[in-house]
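# Topology and contacts: notes
What follows is each chain in one-letter form.
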Amino acid sequence: MRLKRLEISGFKSFAKKSVILFEAPISAIVGPNGSGKSNVAESIRFALGEQSIKSLRGKRGEDLIWNGSKTTPRSNLGSVSLVFDNTKKIFEYDYDEISLRRDVHRDGINEYFINNSQVRLKDIHELLSRVNIGASSHHIISQGEADRVLSANPKERRAMVEEALGLKIYQWKIAESEKKLDKTEENIKQVESLRKEIAPHIKFLKKQVEKIEQGKAMQDELGSLYAEYLKKEEGYLKRKKTEIESRKKPLQEELKSLEKSLEEARRKISESATKNEKGGALVELEKNIEKARQKRDEIGRRLGRIEGMIELEEKRLQKSGDKGEERKTVPLAEISAFASELDNLLNEAHKTEDISFVRDTIKKIKELVRGLISKSEKGAEMKDEIETAIKNLKSEKSTLEKELAEVSEEEKKLEALYRAIRGEIEAEKDSSRDTEKEIFKMMGKKAEISASLSSIGSNEELLLREEEIFKEEIKEGGVLVGRSILNYREYILEVSFEAESREIQGERRKKIEKIKIRLEDLDGGGEDVLKEYQEVFERDKFLENELQDLESGKESLKSLIAELAVKLDHDFKEGVNKINSQFQDFFALMFGGGEASLSLVAEKKKKKSDYSLEMEDYDAIDENEDIEEGIEINISLPRKKIRGLQMLSGGERALTSIALIFALSQVNPPPFLVLDETDAALDEANSRKYGDMLENLSKHSQLIVITHNRETMSRAGILYGITMGQDAASKLLSVKFDEAVEIAK
């Protein structure tokens, strides 16, 4: 790869576009002082991305743009292009030529282009770093900078050597890796902070989920108990209903037959009673007795219903009493939920300084406290309602009992009067005695049947109440267990309800009631809590995996940095050995003998004052951080007892710096080397040696030499002359020595 041409337009003293072709291994640029020769070297440095305006001999960006003269107006744009031959595809572009262009505007804005496509400065640096080229690299040695490598301190000298060896790419990679490592460590802290932030919420949700799981287990147990309980209860109610129907139907038929017979007998008695006032009174009494009995039966049935309702309410009272006992002390779950919510509200209020938000938070806390109190009082209110209902039912029962006693007393009186009149009629009318006896017999039978039917009616009322309780139980169970409670009909009983006593079924019901109370107290939040827990858990799992990936990436970056550091150190030491070999050869050539070498030296860093450090800071200081390596130059001139750089004359320093610069360029030859009057201090003899070295160097790198030295000019294949006319703009003239020789012949 070689540099084909340099195009300058509006940059510094080059007012118009100038093109310099580098068609020879050594191109020399000459001209009087002030003509703009050094601007050529600076234009190359500028195009390669130099950011220090000071190193380009300016203070502001507009100082790099042609500022005009009396005859030539100023430019608003300074532009420099470097065109490289890329036929061997050294650059990773599928072009035979690669053009790097940099434009600077008067407002200070810089633009960078690769083959006329705008890019970033970073893209320029990455492209050039692969071929050991840079804006401030060792391959551009400007006027007065040749001595810089000798004047630099060991640490700065080491940086120059590393740059010459092409090790900047390792340092760039290490710096990039360290940035990534810092970013990774920052991300690790952020992820750990996020996990710590959501950990209490996960813990709270986990407890809620455990409650839900516990509730589901209890629901399953309750469902199993319900299936057996409801199956047996339904069988019991069906059997009892069948038994009542089987007893009731024959009695109703017999009663119907008796009433028909009685009606016939009464007709006969009525016929004889029309002839006898006592007979009429007897019939009237019989009707009144019948009415009294009907009223008594009706009151008895009403009384039975009231007693059943009292029994039902007392069971409800017992149930609410059990829950009330539970409610005397608020459940721990409710207290925990209350405390968690209260803590969240207080934390939010603590974080803000907005007084209206704080007031809203206090209002929410009051509502939260009232809700807790309301829950604890709910059981007591229900109990009061049930007790009031029982009291009213008992009052109604008492009234009915009084009415029943009055009706029974009236019935007894009517029956006594009836017996008295009947005795008189028997005495008066023996002929109707048999019919009357039959009537009395049928009435007795009827009373007996009515009593049985009344008893059956009470049992029937009780059965209806039990059926209502059964339906209510299914409804309550459905709320806790769900629609699956209806599957009790398919449940297969291991022991039939006929084979066990009602006490066992009662115990089963008590067990169901206890589980129901515990389920109501759990109140875990249901599917919303499960969904939230799953979301938060998955987020925590994601953060955990991300943290593991970050830790893995952190270790990989540490390993990469360590490997790069080892590689850098190895290549650096190996490169120093190669430089020493070349340095010795060039130095001996320049001085006719002597010795020259580079050596690694270790320097201690300056520590802060002991008073500026806390005791704990000493523990954090790594002893290895106190030492840093640099480069020291060791020389020994022939026939002189000079062993230090500070004892060299100006010419000797120039020769030494040139020898070292050429040695650096030979170890890792750059594509081109710019030398800006580095031969200014050489005499004629040393100039010939310098020229020989130039020809040797040109075999490995293109040389662009800015010089006044005739010997150096004679070694160039093409000579560019820079002149400056009345318009103060630099102009370009060129001479190819091969063509000049041919013309001379």
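Along each chain, the written sequence defines residue order, and numbers are assigned to residues from 1. Side-chain atom pairs in this predicted model are given and counted only at pLDDT of 80 or more, local residue features only at pLDDT of at least 70, and totals for whole chains, interfaces and linings cover all residues. With hydrogens and water stripped out, all remaining heavy atoms of the structure feed into the side-chain values.

## A look at the overall build of the chain
Helices and strands together make up the secondary structure of the chain, namely 16 helices and 14 strands. The buried label applies to any residue whose accessible area, calculated with a 1.4 Å probe on protein chains only, is under 20% of its type's maximum; exposed applies above 50%, and partly exposed to all values in between. Counting across all 745 residues of the chain, residues that qualify as buried make up 41%. Sequence-distant contacts, at least 24 apart, represent 75% of the contacts inside the chain between residues at least 6 apart. Put simply, the chain shows about 43000 Å² of open surface, and 50% of that area lies on carbon and sulfur atoms. What counts as a helix is a DSSP run of H or I of at least four residues, what counts as a strand is a run of E of at least two, and both are numbered from the N terminus. Residue contacts are counted whenever heavy atoms from the two residues lie within 4.5 Å of one another. Note that accessible areas follow from Shrake-Rupley with a 1.4 Å probe, and for residues the cover is restricted to the protein chains shown.

## What about the sheet that holds strand 1 (residues 3-9)?
As summarised here, the arrangement of the 6 strands in space is 2-1-4-5-6-7, forming an open sheet in which the pairing is antiparallel. In this open sheet, the two edge strands, each paired with only one partner strand, are strand 2 (18-21) and strand 7 (117-119). Recorded for the sheet is a direction-independent mean angle of 20° between the axes of neighbouring strands. With 9 bridges connecting them, strand 4 (residues 77-85) and strand 5 (residues 97-105) associate as antiparallel partners. When the sheet's bridge partners are listed, Leu82 is paired in strand 5 with Leu100. Whether two strands pair comes down to DSSP finding at least two bridges between them. Convention adopted: a line fitted to C-alpha atoms gives each axis, helices being fitted over their contacting stretch, and angles between N-to-C directions are expressed from 0 to 180 degrees.

## Structural notes on the packing of helix 4 (residues 154-164) against helix 11 (residues 527-591)
The packing of two helices is summarised by the inter-axis angle and the distance between the axes. Contact geometry of helix 4 with helix 11 gives a least axis separation of 10 Å together with a crossing angle of 90°. Taken together, the axes of helix 4 and helix 11 are roughly perpendicular relative to one another. Of the residues in helix 11, those in contact with Arg158, Val161 and Glu162 of helix 4 are Leu568, Phe572, Val576 and Ile579. For classification, angles of less than 35 degrees are called roughly parallel, those exceeding 145 degrees roughly antiparallel, those between 65 and 115 degrees roughly perpendicular, and all remaining angles oblique.

## A closer look at unusual backbone geometry
Positive phi is not limited to glycine here, since Lys12 has a value of about 50°. In this fold, Lys12 is placed in the loop between strand 1 and strand 2. Even without being a glycine, Glu677 presents a positive backbone phi close to 55°. With respect to the element layout, Glu677 can be found in the loop between strand 11 (672-676) and helix 14 (684-697).

## Some thoughts on the sheet that holds strand 14 (residues 730-736)
Here we have 6 strands laid out as an open sheet, ordered 8-11-12-3-13-14, and mixed in their pairing. Sheet topology places strand 8 (140-141) and strand 14 at the edges, where each strand pairs with a single neighbour. Here 7 bridges tie strand 13 (residues 718-724) to strand 14, and the two strands are oriented antiparallel to one another. Looking across to strand 14, one finds that Gly721 is bridged to Leu733.

## Topic: the pairing of strand 1
In this structure, strand 1 lies alongside strand 4, joined through 6 bridges in antiparallel fashion. Residue pairing in the sheet places Ile8 in a bridge with Val80 of strand 4.

## With respect to the side chain of Glu234
You can see Glu234 is positioned in helix 5 (residues 168-273). The charge count treats Lys and Arg as positive and Asp and Glu as negative. His and the chain ends do not count. Basic side-chain nitrogens of Lys or Arg form a salt bridge, by our definition, when they fall within 4 Å of a carboxyl oxygen of Asp or Glu. The side chain of Glu234 is buried and forms no salt bridge, while Lys238, the nearest opposite charge, is found at 4.1 Å. Those residues within four positions of Glu234 in sequence are excluded, and the remaining contacts are Phe470, Tyr488 and Arg489.

## Things to note about a negative patch on the surface
On the surface, Glu527, Asp528, Glu532, Glu535 and Glu538 cluster together to form a negatively charged patch. Tracing the backbone shows Glu538 in helix 11. You can call Glu538 partly exposed: its relative accessible area is 45%. Residues qualify for a patch when their relative accessible area is over 30% and they have no salt bridge, like charges being joined within 9 Å and the nonpolar side chains of Val, Leu, Ile, Met, Phe, Trp and Tyr within 5 Å. Working definition for charges: the position is that of NZ of Lys, CZ of Arg, CG of Asp or CD of Glu.

## Some words on the nonpolar core
Put simply, a nonpolar core is a bunch of buried Ala, Val, Leu, Ile, Met, Phe, Trp, Tyr and Cys residues held in one set by side-chain atoms that sit within 4.5 Å of each other. Judged by nonpolar contacts, the single largest core of 55 residues is most densely connected at Val161, Phe583, Leu598 and Phe662. Ranked by residues supplied to this core, first place goes to helix 11 with 12 residues. Aside from chain neighbours lying at most four places away, what touches Val161 is Phe572, Val576, Ile579, Leu598, Ile631 and Leu664. Judged by nonpolar contacts, the second largest core, of 41 residues, contains Ile65, Tyr112, Leu121 and Leu127.

## With respect to helix 14
Over its 14 residues, helix 14 runs 20 Å from end to end, which matches the ideal 20 Å to within 8%, given 1.5 Å per residue. Taken together, the buried positions of helix 14 are Asn686, Ser687, Tyr690, Gly691, Met693, Leu694 and Leu697. When helix 14 is viewed along its axis, its buried side chains cluster within an angular range of 165° and face the same direction. Residues of helix 14 that are buried make contact with strand 3 (26-30), helix 11, helix 13 (650-667), strand 11, strand 12 (702-706) and helix 15 (710-714). Multiplying 1.5 Å by the residue count of a helix minus one yields the expected span of that helix. Picture the helix axis, draw a direction to every C-beta atom, and the arc is the one those directions span.

## A few points about the pattern of salt bridges
Here the structure, examined in full by the defined rule, presents 43 salt bridges. Between Glu62 and Arg60 there is a salt bridge; the shortest N-O distance is 3.1 Å. Note on Glu62: relative accessible area 24%, which makes it partly exposed. Its relative accessible area of 51% is what places Arg60 among the exposed residues. As a salt-bridge pair, Glu466 and Lys240 come within 3.6 Å of each other at their nearest N and O atoms. With Glu466 in helix 9 (residues 433-481) and Lys240 in helix 5, this residue pair connects regions lying 226 residues apart in the sequence. For the pair formed by Glu466 and Lys240, the shared burial category is buried. A network of salt bridges, in which partner residues are shared, links Lys4, Arg5, Glu7, Lys17 and Glu97.

## Some remarks on the environment of Gly506
Its location among the elements puts Gly506 in helix 10 (residues 502-522). In the structure, Gly506 is positioned 277 residues away from Tyr229 in sequence and 9.4 Å away in space, judged by C-alpha atoms.

## A look at the pairing of strand 2
Only one face of strand 2 is covered, namely the one carrying Ser18 and Ile20; the face carrying Val19 and Leu21 has none of its residues buried. The sheet contact formed by strand 1 and strand 2 spans 4 bridges and is antiparallel. Within strand 2, the position partnered with Ile8 by the bridge is Ser18.

## Things to note about helix 4
In terms of burial, helix 4 is a largely internal element, 8 of the 11 residues being buried. N or O atoms closer than or at 3.5 Å make up a polar contact, with two conditions inside protein: a donor-capable atom paired with an acceptor-capable one, and, for residues adjacent in sequence, both atoms drawn from side chains. Measuring from the side-chain oxygen of the N-cap residue of helix 4 to the backbone nitrogen of Lys155 gives 3.1 Å; that N-cap residue is Asn153.

## Looking at the environment of Ile706
Looking at where Ile706 falls in the secondary structure, it is placed in strand 12. Spatially, the C-alpha atoms of Ile706 and Val674 are 7.8 Å apart, while their sequence positions differ by 32 residues. Dropping the residues within four chain positions of it, Ile706 is found in contact with Ile29, Lys37, Ser38, Ala41, Leu675, Asp676 and Glu677.

## Examining the confidence of the model for the chain
What pLDDT expresses is the predictor's confidence in each residue, scored from 0 to 100. Mean pLDDT over the chain stands at 80; residues scoring 70 or higher make up 85%. Residue range residues 607-624 is modelled with pLDDT below 50. Its contacts to residues more than four positions away, or to other chains, number 6 contacts.

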